[in-house]
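Observations on the model geometry
Each chain is listed here by its residues.
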Number of protein chains: 2
Amino acid sequence: MNESKKIPYKIYLEESELPKAWYNLRADMKVKPAPLLNPGTLQPMTAEELEPVFCKELVKQELDDVNPFIEIPEDILNFYKMYRPSPLVRAYCLEEKLQTPAKIYYKFEGNNTSGSHKLNSAIAQAYYAKKQGLKGVTTETGTGQWGTALSMACSYFGLDCKVYMVKVSYEQKPFRREVMRTYGATVTPSPSPDTNVGRKLLAEYPGTTGSLGCAISEAVEAAVSNEGYRYVLGSVLNQVLLHQSVIGLETMAALDKYGVKPDIIIGCAGGGSNLGGLIAPFMGRKLRGEADYRFIAVEPASCPSFTRGKLAYDFADTGKVCPLAKMYTLGSGFIPAPNHAGGLRYHGMSGTLSQLYHDGLMEAVAVSQTAVFKAAEEFARVEGILPAPESSHAIKVAIDEALKCRETGEEKTILFGLSGTGYFDLVAYEQYHDGKMSDYTPTDAELEAGFAGLPKV
Amino acid sequence: MNESKKIPYKIYLEESELPKAWYNLRADMKVKPAPLLNPGTLQPMTAEELEPVFCKELVKQELDDVNPFIEIPEDILNFYKMYRPSPLVRAYCLEEKLQTPAKIYYKFEGNNTSGSHKLNSAIAQAYYAKKQGLKGVTTETGTGQWGTALSMACSYFGLDCKVYMVKVSYEQKPFRREVMRTYGATVTPSPSPDTNVGRKLLAEYPGTTGSLGCAISEAVEAAVSNEGYRYVLGSVLNQVLLHQSVIGLETMAALDKYGVKPDIIIGCAGGGSNLGGLIAPFMGRKLRGEADYRFIAVEPASCPSFTRGKLAYDFADTGKVCPLAKMYTLGSGFIPAPNHAGGLRYHGMSGTLSQLYHDGLMEAVAVSQTAVFKAAEEFARVEGILPAPESSHAIKVAIDEALKCRETGEEKTILFGLSGTGYFDLVAYEQYHDGKMSDYTPTDAELEAGFAGLPKV
């Protein structure tokens, strides 16, 4: 029902066209993101202070806001070749369904077993841990995307992988847990009796189902108290955005090859890893004055860090064991409504993206979850792919922009990031199909309560 | 940990290299598969007899053993472009893990939302139904791969899709059901009160959890008793093997492009759709005397149609509403042990593959399921992809053959079909991880009981 078109449905770069270096967006930023602070001294964290928790080479990347390109080691490139370059898809079927003159492209990062873009940074972090001679790494996982990706990466390099999984997810999402076990990871429900913080919580609240904040605290404790282990994190950090730049670099190379320039670039934003990776090289061009684009971050109305949060120093974790980061935040005590499906439930946001948003270089919009699932279903039915709820936030706004083009007749080129698949989110799809999904927007009073908990810096 | 190699990890054909015609293997067979028989008259089924149940054009394809190539309509080609050409992967990481001089390739058909090769035939069957002006199609599904694929295909062409899902799967596999609902299909647990056969069964056995045989009968009844509907099937039939030949044609084109000739070609076999599709053009070359290959069909030891079955006319379904087919069969009353995970539980086998096996053109081997899951996990840890239990049967034998090469030093080229992903099979993976998976091989007496039920033809 489509005539044949010059631009293929899927643009695959050759393996030889894989980027050889990650792009460090901070090097091109005139106003740099604010440094991490030691919560005790309120002084910028030094490499020495970070290295007991994080791998040495990753600390170096975390603090580097000078070098624009950082070479991708060959072992990581070889792993990338299992699932990269990922396809850039021209959404011909969606365009036809919407009857829009807009041209829609999406970069699909769900074509690997972890089902999302998280693997791009997981393999890098595992590589540097291995190179440092470590025995293993520890991390936390909520919905399980990051834990799955990390278990795959550790399996490849023969590293031990300890995942603290929020207890309620551990029990309600047994399939994610089994994928991690298939890749050899140890998955522990959090809070657990294995750590001081876990034991303390279990004693105080024997029936607790856990929280991401507690799982982070346990993972950090397990890293610093076990010889040969470090802690790794799947979003928010500068190093993660650096590794994820491979998404944007491939997208830019593929579009350049066909002479296509996007007008609008859209991504969902939780901690910022997917959005930051997709936009990085395009934002670089904008910062250097070489091209202009509209960037739109899409967040859930139930966890609106950009659109209703404050730019402030805050704890990166609810357990308050991590350094202070300056970012758009709802306060480290903020927890989204229990009816909120999928990820994107982090109280804060990447410091790099926060600075760009603050400087007016990027827009943000919040959307309700029923509208998101409606867009997800519409997309799935014509484009085939079953999208993750997180990624569907970007789909929703891409469709909205395409429909505006139908009104105005403008032939805009819209690019969005399809960061993952929804195979493990079918409980949420079921709620949507059965009309049991509800929307929630925090009240101003609830947000004020979150802001009241911000540290005085 | 791999040096860069001349042959890429993943060979992607260009969209322009997609096959333009399916290959009809029967045209090159000297001994044709035996015809379907009318169970009443024991005469070959005519097109007129088949058309009330199946779409007209598909009946034509079913009966055609003369034309070697059948053009793929453009609308189907456009749909194929959403996920095809699928990648042909050189398993460098697996080779290194096994320390084998063998060169291993696999064709990966799990890179679409239905998660398997089933979509290749689903879209073709939906297309011909639409072209005939039908309102919709009916089918049955057990584990749900075929139902998912068909719901995606019907959604694309705006056809109604009624799926009868074995009740026990409907209740135990709610996620597959939700994917089908996302694509707009109606999913009914079978037996249902909607059909005569369903009502009869529910009255006789109020607590029954259903069977594939009953679901087929309900789907056929729903097709013939509803104006504008036809029944469609995802395996066994000649038309299905025809559509699935796209797998083999792409594989052959990709290997030819790099000057690679496989020595051994391996696929799992339930009804034969995946194996038949993969080997078709290679078998054609062998039949025409242009090249030689070893073909190996892999089946579960718990449902050993080839290795322990009989070549005989049998009912294609347990409900005995379908025509008689000559095939390797365990008897239409045979049901694999309840502990058998995944698909490949069909009592019979494609008539085309049955004839090839009978004529000594193909080998077959049966493997136990714990060995299959061990191979699946080993594969997942180095190649990244989480394989379906069905596909893992092929992995198991590919690994066995590669290990033989390590013993002999031979540099054989091994090709296998990775027909799908295991995202919806994690209950079975969990049983394997927890040591709760057991093997079962039917006794000779059990097989004799199955053979005793064969019709007297």
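Reading guide: rules and limits
- Residues numbered from 1 in each chain as written.
- Chains lettered and ligands numbered in written order.
- Predicted model: local features only at pLDDT ≥ 70, side-chain atom pairs only at ≥ 80, totals over all residues.
- Heavy atoms only, no water.
- Helix = DSSP H or I, 4+ residues; strand = E, 2+ residues; numbered from the N terminus.
- Rg over C-alpha atoms; globule rule 2.2 N^0.38 Å.
- Buried < 20%, exposed > 50% of the residue type's maximum accessible area, 1.4 Å probe, protein only.
- Areas by Shrake-Rupley, 256 points an atom, 1.4 Å probe, with all protein chains shown as cover.
- Pairing = 2+ DSSP bridges.
- Axes fitted to C-alpha atoms, helices over the stretch in contact; angles between N-to-C directions.
- Contact = heavy atoms within 4.5 Å.
- Right-handed = clockwise from strand over helix to strand, strands pointing away.
- Least-squares fit on C-alpha atoms with pLDDT ≥ 70 in both.
- Phe/Tyr/Trp six-rings, centres within 6.5 Å; stacked < 30°, edge-to-face > 60°.
- Lys NZ or Arg CZ within 6 Å of the ring centre and 35° of its normal.
- Buried area = accessible area lost by both parts, 1.4 Å probe.
- Polar contact = N/O pair within 3.5 Å; in protein donor to acceptor, adjacent residues only side chain to side chain.

**Let's talk about the overall build of chain A**
Per the secondary structure count, chain A includes 18 helices and 15 strands. A globule of 457 residues ought to have a C-alpha radius of gyration of about 23 Å, and chain A, at 21 Å, matches this closely. Taken along its principal axes, the extent of the C-alpha atoms in chain A is 65 × 50 × 45 Å. The 457 residues of chain A split such that 64% are buried. Per element, the accessible surface of chain A, about 15,700 Å² overall, is 53% carbon and sulfur.

**A closer look at the sheet that holds strand β8 (residues 186-190) of chain A**
Residues and elements named next belong to chain A. Taken in spatial order, the four strands line up as β8-β7-β6-β9 in an open sheet, and their pairing is parallel. The outermost strands of the open sheet, each flanked by one partner alone, are β8 and β9 (229-231). Along the sheet, successive strands turn relative to each other by an average axial angle of 25 degrees, direction set aside. When strand β7 (residues 160-166) meets β8, the two strands line up parallel, connected through five bridges. Along β8, the bridge assignment pairs Lys162 with Thr186. Across the sheet, helix α8 (residues 174-182) touches β6 (136-141), β7 and β8, and the angle it forms with β7 is around 170 degrees.

**Brief notes about the pairing of strand β11 (residues 294-300) of chain B**
Residue and element names in this part refer to chain B. Burial runs high along β11: six of the seven residues are buried. The pairing of strand β10 (residues 264-268) with β11 spans five bridges and is classified as parallel. Bridge assignment links Gly267 to a residue of β11, and that residue is Ala297. You can see the chain leave β10, run along helix α12 (residues 273-287) and come back into β11, and the turn it takes is right-handed. Bridge count for β11 against strand β14 (residues 363-367) is five bridges, and the pairing is parallel. Pairing of Glu299 across the sheet is with Ala366, part of β14.

**Some thoughts on the sheet that holds β11(B)**
Residue and element names in this part refer to chain B. As summarised here, the arrangement of the seven strands in space is β1-β4-β5-β15-β10-β11-β14, forming an open sheet in which the pairing is mixed. Across the chains shown, the open sheet's two edge strands, defined by having one partner strand only, are β1 (10-11) and β14. Here β1 pairs with strand β4 (residues 88-90) via two bridges, running antiparallel. Each residue of the ladder has a partner; that of Lys10, found in β4, is Val89. The strands that helix α11 (residues 238-257) touches are β1, β4, β5 (103-108) and β15 (413-418); relative to β5, the one it contacts most, it runs at about 140 degrees.

**Some remarks on the relation of the copies chain A and chain B**
Take chain A, turn it by 180 degrees, move it 0.0 Å along the axis, and it overlays chain B with an RMSD of 0.0 Å. In the structure described here, the two chain copies are related by an operation that fits a two-fold rotation axis. Interface residue correspondence from chain A to chain B reaches 100%, placing this contact among same-surface, isologous pairings.

**Description of the packing of aromatic side chains**
Scanning all chains against the criterion turns up 43 aromatic pairs over all chains. Ring plane angle 75 degrees and centroid distance 5.2 Å describe the contact between Phe373(B) and Tyr429(B), whose orientation is recorded as edge-to-face. Taken together, the positions of Phe373(B) in helix α15 (residues 369-383) and Tyr429(B) in helix α17 (residues 426-433) put the pair 56 residues apart, joining distant regions of the chain. Like Phe373(B), the residue Tyr429(B) is buried in the burial classification. Ring-pair connections join several aromatic residues into one group, and the members of that group are Phe79(A), Tyr80(A), Tyr83(A), Tyr127(A), Tyr128(A), Tyr156(A) and Phe157(A). Stacked on the ring of Tyr170(A), the Lys or Arg Arg177(A) has its end atom at 4.7 Å from the ring centre.

**Here's the deal with the interface of chain A and chain B**
Between chain A and chain B, the residue contacts involve 49 residues of the former and 49 residues of the latter. Overall, the association of chain A and chain B removes approximately 4,600 Å² of surface from exposure, summing both partners, and the carbon and sulfur fraction of that is 54%. Remark: the boundary between chain A and chain B carries 27 residue pairs in polar contact (both at pLDDT 80 or more). Elements that contribute at least two residues to the side of chain A that touches chain B include exactly α3 (74-80), α6 (145-157), α8, α15 (369-383) and α17 (426-433) of chain A. For the side of chain A that touches chain B, the element with the highest residue contribution is α8(A), accounting for six residues.

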